[in-house]
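What follows is the residue order along each chain.
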Amino acid sequence: MAKAFTKKLEAYPVHKALRGIAYRTISKGSSIEPVEVDYVPVKKGSKVEGHIHAKSNAFCLILEGSGAVIVGGKKIKIKKNDIISIPAGTWHEFYASKKEKLVFLSIQNPPIGDDYVFDRKFR
């Protein structure tokens with residue numbers, strides 16, 4: 001049986017796999033948590049470079065700030081409390097505004113692991 005817990009965000013290690021964007025993986029998935037949860041802060045004026053997750057669907061919740069997302073070929077302005085749905089195989093990229101950072105929670109199913117494709121032919 002799974003046990004409830006609380007933990008500080010800072011207790012999770014920082015990863016720098018997204019080409020300069022540092023993020024924290026909160027859950028990598030398990031038999032009781034079949035999703036990956038990432039906390040992604042993007043510095044003002046920066047971006048998460050475009051990519052796809054070939055096998056993983058994602059939901060992103062904007063926690064702080066504003067900016068834009070390009071998803072499925074459409075550029076959409078985003079701000080705190082917006083939710084973005086990204087089906088597997090869909091090109092997406094996030095941009096923080098020049099005035100403030102953008103922070104979002106990304107929840108993927110199944111866990112993405114190394115399932116990133118940066119090739120622009122998928123755009």
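Note that the structure is predicted; figures quoted are calculated from it, not measured.

### Structural notes on the environment of S97
Tracing the backbone through its elements, the reader meets S97 in the loop between strand 9 (92-96) and strand 10 (102-109). For S97, a relative accessible area of 19% puts it in the buried group. Non-local contacts of S97, meaning those with residues more than four positions away in its chain, are made with K44, G45, S66 and G67. A polar contact of 3.3 Å, which involves the side chain of S97, links it to the backbone nitrogen of K99.

### What about the packing of aromatic side chains?
Evaluation of the coordinates by the stated rule reveals one aromatic pair. Where F94 meets F104, the ring centres are 4.3 Å apart and the plane angle is 20 degrees; that geometry is what we call stacked. On the criterion of sequence distance, the pair formed by F94 in strand 9 and F104 in strand 10 is long-range, its members being 10 residues apart. Of the residues examined, F94 reaches a relative accessible area of 2% and is grouped as buried.

### Re the nonpolar core
Most often, soluble globular proteins keep nonpolar side chains buried together rather than apart. Of all hydrophobic cores here, the largest spans 17 residues; its most connected members are V42, I84, F94, L102 and F104. Of all the secondary structure elements, the ones that give two or more residues to this core are strand 2 (21-27), strand 3 (36-42), strand 5 (57-64), strand 6 (66-71), strand 8 (83-86), strand 9 and strand 10. Ranked by residue count, the leading element in this core is strand 5, at three residues.

### Digging into the pairing of strand 9
Here strand 9 lies mainly inside the structure; four of its five residues are buried. Across three bridges, strand 4 (residues 47-51) lies against strand 9 in antiparallel orientation. When the bridges of strand 9 are listed, V48 appears paired with F94. Where strand 6 lies against strand 9, five bridges are found, and the strand directions are antiparallel. Each bridged residue has a counterpart across the sheet, and for G67 the counterpart in strand 9 is A96.

### What about unusual backbone geometry?
Of all residues except glycine, most have a negative phi; of all peptide bonds, most are trans. Of the consecutive residues N109 and P110, the connecting peptide bond is found in the cis state with omega at -5 degrees. Along the chain, the position of P110 falls in the segment after strand 10. For N81, which is not glycine, the phi dihedral falls at a positive 80 degrees. You can see N81 is positioned in the loop between strand 7 (74-79) and strand 8.

What counts and what doesn't
Residues numbered from 1 in each chain as written. Predicted model: local features only at pLDDT ≥ 70, side-chain atom pairs only at ≥ 80, totals over all residues. Heavy atoms only, no water. Helix = DSSP H or I, 4+ residues; strand = E, 2+ residues; numbered from the N terminus. Buried < 20%, exposed > 50% of the residue type's maximum accessible area, 1.4 Å probe, protein only. Contact = heavy atoms within 4.5 Å. Polar contact = N/O pair within 3.5 Å; in protein donor to acceptor, adjacent residues only side chain to side chain. Phe/Tyr/Trp six-rings, centres within 6.5 Å; stacked < 30°, edge-to-face > 60°. Core = buried A, V, L, I, M, F, W, Y, C linked by side-chain atoms within 4.5 Å. Pairing = 2+ DSSP bridges.

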